[in-house]
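Report on the structure
These are the residues of each chain, in order.
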Amino acid sequence: MINRYRKYLELLDVRLGHMFEKQAPFIKCKKGCTYCCKDGEYPLSELEYINLMFTYNTLPNDIKGIINNKIAKLIEDDRHKFYECPFLVNDACSVYFARPLLCRTFGLISFKNDGRNKMPFCID
């Protein structure tokens, strides 16, 4: 099942790549920008979670330790709204190739039900 999902992500990334190219003048997301990773909500589907855990298991132990400490702090703080993504390590996504759909699509202009543009919150 996970292999089919990863194949889907590959196909999706191609389509999203085209969308990002078309919207490039309006997109503020660049390598190194972690604005959306610092203070947000990160809901996952079960399949996204499984994919993340497979990738997490391949990480070096020191990176796993950082992630585990961040998760433990989140649990300790009982903070369920707006927090830094625990997979953000040294201002980079430690699970980039397994990142959820929310992360893959962030920064794109989308459309509201009434047809108006919906801009990402980080746009100038």
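See above for the structure.
Definitions and limits used
Residues numbered from 1 in each chain as written. Predicted model: local features only at pLDDT ≥ 70, side-chain atom pairs only at ≥ 80, totals over all residues. Heavy atoms only, no water. Helix = DSSP H or I, 4+ residues; strand = E, 2+ residues; numbered from the N terminus. Buried < 20%, exposed > 50% of the residue type's maximum accessible area, 1.4 Å probe, protein only. Lys, Arg positive; Asp, Glu negative; His and termini not counted. Salt bridge = Lys/Arg side-chain N within 4 Å of Asp/Glu carboxyl O. Contact = heavy atoms within 4.5 Å. Core = buried A, V, L, I, M, F, W, Y, C linked by side-chain atoms within 4.5 Å. Phe/Tyr/Trp six-rings, centres within 6.5 Å; stacked < 30°, edge-to-face > 60°. Lys NZ or Arg CZ within 6 Å of the ring centre and 35° of its normal.

Residue placement: Arg-99 occurs in the loop between strand 2 (92-93) and helix 5 (101-105). Here Arg-99 occupies a buried position and makes no salt bridge, while the nearest side chain of opposite charge, Asp-13, is found at 4.4 Å. The contact partners of Arg-99, leaving out residues within four places of it in the chain, are Asp-13 and Arg-104.

Grouped together as the largest cluster of nonpolar side chains are 13 residues, with contacts concentrated most on Leu-52, Tyr-56, Leu-59, Ile-63, Ile-67, Phe-87 and Val-95. Secondary-structure elements contributing two or more residues to this core are helix 3 (46-56) and helix 4 (61-77). Per-element accounting of this core gives the leading share, three residues, to helix 4. Those residues in contact with Ile-63 that sit more than four places away from it in its chain are Val-89 and Ser-94. Listed in part, the seven residues of the second largest apolar core include Ile-2, Leu-9, Leu-12 and Ile-27.

The next thing to look at is the packing of aromatic side chains. The final tally for this structure, using the stated rule, is three aromatic pairs. Arranged with centres 5.2 Å apart and planes meeting at 75 degrees, the rings of Tyr-42 and Tyr-83 form a pair that is edge-to-face. One end of the pair, Tyr-42, is in the loop between helix 2 (35-38) and helix 3; the other, Tyr-83, is in the loop between helix 4 and strand 1 (88-89), and 41 residues separate them in sequence. Accessibility assignment for this pair places Tyr-42 and Tyr-83 in one class, buried. Summarising the aromatic geometry, the rings of Tyr-96 and Phe-97 are spaced 5.4 Å apart at their centres and angled 90 degrees between planes, so their arrangement reads as edge-to-face. Over the face of the ring belonging to Tyr-56 we find Lys-64, whose NZ or CZ atom lies 5.6 Å from the ring centre. The side chain of Arg-99 reaches across the aromatic face of Tyr-96, ending 3.8 Å from its centre.

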